[in-house]
Amino acid sequence: MKHLFLYIALFISSICVSQNEQLAQYYYEKGDFEKAKVGFEELLKSIPQNTQYFLRTLDCYQQLQQFDVAENAIQQRFDKYKQGNLLVELGYNLQLQKKDSQANALYDQAIERIKKNPNEVYAIASSFEKKVLLDYALKSYKTAIEIEPNFNFNYQMALLYGQLGNIEMMITTFLDESFQNPQNSVMIQNQLVRFMVDDGDANFNEQLRKALVLRTQKNQDIHWNRFLSWFYVQEKEFEKAFIQEKAIYKRNPESFSAILNLAQQAIQEENQIAAKEILDFILENSKDLQLLIQVNAYLMEIKIQKAPEKDFEGINQELNAILKEFEISPFTLSLQLIQAHFVAFNLKKPEQGKAIVKRALEMQLDKYDLATAKMELADIFLYEEKFNQALLYYSQIELDLKNDVLAHEATLKAAKTSYFKSDFEYALKQFKELKSANTQLIANDALEYFLLINDNTVADSTQTALKQFAKGDYLLYQNRNQEAIDQFQSILNTFKGDEIVAVTLLRLGKIYEKLADFNLALSQYQKIIDQHSDGIYVDEALYFSAEIYNKQLQEPEKAKPLYEKIIFNHQDSIHFVEARKKFRQLRGDTNL
């Protein structure tokens, strides 16, 4: 029974401490340092050894300019615990009083402590960093390494060099660490990415590239080829990354996983030329059946994406030949579904497409392959305007793979189905939920449709224009591009001055881009820029226009001011980071 009462007392005591800490922290964050001071002093009395309570109490004294009180508290603690980092605290307390020479003397004493006991570097360097005394923090690590060469503070020192603006030393130190401890490479690359995309030294990317190229030339270790490949992928220079991956493969021909991953990234970035080159290399050098099937699937998707109608029959014959070579089995499901989609959406033969999928569903498939096949079947039902059948299959996928990415994709397609059939109220609820999906592409897509429905319902409660717009989107889904163009042009003629106009122009621009009519696409985007500059689509019009000039028309001087407008006027745009990066490239900040 005594033990029970003791446990209860300790439990109640811990609750009280926790509540007092929350209250003291609340006042501290609010800037009410007088009340926060009282709270932390009480906490420190109850747990004198707690460093966090002590530092918070000390900060309250200093915020209230009670420097003598702070000095006494630090000195008493130093006399008791003899911790070197308290010398930093004493020095900083003097620095706040503009007594720099006395403060520096104490900082130097802290460094001397490291010379006598290198293990004190952790607490002392940390204290210097928290006080933003970066030079002293760097000196702490260097001092410790001189005394104890087995210590490794490359990562911490590299961060400090970066904060101090010494980019060359930061890169050198990070790269040294990545080679000495390859397991830290991903962490280092994450830090480097921050400098590659954030504002800072505009020449950072070029400095990093040169450093990596130099190390690749001096040292034949494939570590540097991998690192340089990673760098080129960040820059979306997939051809250059492939050169490095080929060099790695020739020295270590064990796996194509890195090369295949590179091809997938090139496909995602719509660099079909690089993707095809990489995939062809795998075909020439691999005998792995499953890999060959996967590569052929990617190659056929690339071929279909840009194929003119006159090539459709030949593509279908090629698909038949590949499936004949690799046979109909669960292993070739991806190729079977590509053919089903192509037959339904491109050759306009949905019954044949469904027959291919139904044949696939009769095979022994795992739950993910089964869901993928059902998704294609639902897509074809949707193509045929059989909305209820499509919704039935989408809902099956949602139930079978709860919280999976594929389930979220099915939910998105179900929401679009409701949108196509003008059930906007239900579609809006689904799009609203999907805005917070873990997959960024799904979240962005859902947000686009949510804003479309919401904005045009507020502007027109009858939703007349929105219904016409949804009809145009459905024609696009069916791959009936010219009919979609006619539908959207009709909206522009009928609903002049309405909310729907800007997004209609955007849709027309994307269709013309798809059809490679870039001048017509530019004219749609220009109307948004000129006539709807205060709307939510102007940043997309600017970015898409810049991309056409930069990539398609090879007129970078026309692209540059468009990227610049996004940088200065649309910092919240999802295209901001890419626009800034490409603007810098065109301006000549980097030599990539």
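By convention here, each chain's residues receive numbers from 1 onward along its written sequence. In keeping with the predicted nature of the model, local features appear solely for residues at pLDDT of at least 70, side-chain atom pairs appear and are counted solely at 80 or more, and the whole-chain, interface and lining totals rest on all residues. Only hydrogens and water are removed before side-chain values are computed, so all heavy atoms of the structure are retained for them.

1. Brief notes about the overall build of the protein chain
- Here a helix means four or more residues in a row that DSSP labels H or I, a strand means two or more in a row labelled E, and each is numbered from the N terminus. What the protein chain contains, in helices and strands, is 32 helices and zero strands.
- Relative to the 2.2 N^0.38 estimate, which gives 25 Å for 592 residues, the radius of gyration of the protein chain is 31 Å and therefore markedly larger than a compact globule would have.
- Along the first, second and third principal axes, the C-alpha set of the protein chain runs to 85 × 65 × 60 Å.
- Only protein chains enter the accessibility calculation, which uses a 1.4 Å probe; a residue is then buried when its area is under 20% of its type maximum, exposed when over 50%, and partly exposed in between. When burial is assessed residue by residue, the protein chain has 47% of its 592 residues classed as buried.
- Residues count as neighbours in contact if any of their non-hydrogen atoms are within 4.5 Å of one another. At a minimum sequence separation of 6, the contacts of the protein chain that also span at least 24 residues come to 51%.
- Summing over all exposed atoms, the protein chain offers an accessible surface of approximately 31100 Å²; the carbon and sulfur share of this is 50%.
- In this tally, Asp and Glu contribute negative charge and Lys and Arg positive charge; neither His nor the terminal groups of the chain are included. All charge positions are set by atom: Lys at NZ, Arg at CZ, Asp at CG, Glu at CD. Within the protein chain, the 82 negative side-chain charges are centred at a point lying 2 Å from the centre of the 67 positive side-chain charges. Note that the radius of gyration is over C-alpha atoms, with the globule rule given as 2.2 Å times the number of residues to the power 0.38. Each accessible area value is a Shrake-Rupley result obtained with a 1.4 Å probe; residue values ignore everything except the protein chains displayed when judging cover.

2. Section: the confidence of the model for the protein chain
- Confidence of the predictor at the level of single residues is captured by pLDDT, which takes values from 0 to 100. Mean pLDDT over the protein chain stands at 92; residues scoring 70 or higher make up 95%.
- Taking the mean pLDDT of every element in the protein chain, the minimum, 66, falls on helix α1 (residues 2–30) and the maximum, 98, on helix α19 (residues 333–345).
- With pLDDT under 50 throughout, residues 4–14 is counted as low confidence; its partners more than four residues away or in other chains account for zero contacts.

3. Some words on the packing of helix α8 (residues 134–147) against helix α9 (residues 154–163)
- What counts as an axis is a line fitted to C-alpha atoms, over the stretch in contact for a helix, and the angles between N-to-C directions run from 0 to 180 degrees. Where α8 meets α9, the closest approach of the two axes is 10 Å, and the angle between their N-to-C directions is 150°. With respect to α9, the axis of α8 lies roughly antiparallel. In terms of crossing hand, the pair formed by α8 and α9 is left-handed. In this structure, α8 uses Leu 134, Ala 137, Leu 138, Tyr 141, Lys 142 and Ile 145 to contact α9, whose residues at the interface are Gln 156, Met 157, Leu 160, Tyr 161 and Gln 163. We call two directions roughly parallel when the angle between them is under 35 degrees, roughly antiparallel when it is over 145, roughly perpendicular when it lies between 65 and 115, and oblique otherwise. Each crossing is labelled by how the near helix is turned from the far one, with a counterclockwise turn of less than a right angle marking it left-handed and a clockwise turn marking it right-handed.

4. As for the packing of aromatic side chains
- The criterion for an aromatic pair is that two Phe, Tyr or Trp rings (for Trp, the six-membered ring) have centres within 6.5 Å, with stacked assigned to planes under 30 degrees apart, edge-to-face to planes over 60 apart and tilted to the rest. In this structure the tally under the stated criterion is 36 aromatic pairs.
- Look at Phe 312 and Phe 342: their rings are 5.5 Å apart centre to centre, the planes differ by 85°, and that puts the pair in the edge-to-face class. Within this pair, whereas Phe 312 is found in helix α18 (residues 312–326), its partner Phe 342 is found in helix α19, the two being separated by 30 residues in sequence. Comparing Phe 312 with Phe 342 shows no difference in burial state: the two are buried.
- It is Lys 435 that lies over the ring of Phe 450; its NZ or CZ is 4.1 Å from the centre.
- Here, a charge over a ring is recorded when the distance from Lys NZ or Arg CZ to the ring centre is within 6 Å and its angle to the ring normal is within 35 degrees. Between Lys 510 and the ring centre of Phe 544, over which it is positioned, the NZ or CZ distance is 4.0 Å.

5. Describing the packing of helix α15 (residues 257–268) against helix α16 (residues 272–285)
- Contact pair α15 / α16: the axes reach a minimum separation of 8 Å and the direction vectors enclose 155°. Our classification of the angle between α15 and α16 gives roughly antiparallel. The interaxial crossing formed by α15 with α16 has left-handed handedness. Facing α15, whose interface residues are Ile 259, Leu 260, Leu 262, Ala 263, Ala 266 and Ile 267, α16 presents Ala 274, Ala 275, Ile 278, Leu 279, Phe 281 and Ile 282.
- In this classification, Asp, Glu, Lys and Arg are treated as charged, Ala, Val, Leu, Ile, Met, Phe, Trp, Tyr, Cys and Pro as nonpolar, and every other residue, Gly included, as polar. Here the contact of α15 with α16 is composed, by residue class, of 12 nonpolar, no polar and no charged.

6. Side note on unusual backbone geometry
- Its identity as a non-glycine residue notwithstanding, Lys 82 has a phi of 55°, on the positive side.
- Position of Lys 82 relative to the elements: it lies in the loop between α4 (67–81) and α5 (85–95).
- Unusually for a residue other than glycine, Lys 98 sits at a positive phi of about 65°.
- With respect to the helices, strands and loops of the structure, Lys 98 is situated in the loop between α5 and α6 (100–116).
- Among the residues examined, Lys 98 registers a relative accessible area of 73% and is labelled exposed.

7. Notes on the environment of Leu 434
- Looking at the element boundaries, Leu 434 is found in helix α24 (residues 424–434).
- On the basis of relative accessible area, Leu 434 is assigned to the buried category, the value being 5%.
- For the pair formed by Leu 434 and Asp 445, sequence separation is 11 residues and the distance between their alpha carbons is 8.7 Å.
- In contact with Leu 434, other than residues within four places in its own chain, are His 408, Thr 411, Leu 412, Ile 442, Ala 443 and Ala 446.

8. A word on the nonpolar core
- Joining through side-chain atoms within 4.5 Å is the link that ties buried Ala, Val, Leu, Ile, Met, Phe, Trp, Tyr and Cys residues into a set, and such a set is a nonpolar core. In this structure, Tyr 394, Tyr 419, Phe 431, Leu 452, Phe 469 and Ile 500 are the most contacted members of the largest nonpolar core, which totals 105 residues.
- Excluding its chain neighbours within four sequence positions, the residues that come into contact with Tyr 394 are Met 375, Ala 378, Asp 379, Leu 382, Ala 410, Lys 413, Ala 414, Thr 417 and Tyr 477.
- Ranked by size, the runner-up nonpolar core spans 85 residues in total, among them Leu 58, Tyr 107, Phe 153 and Ile 278.

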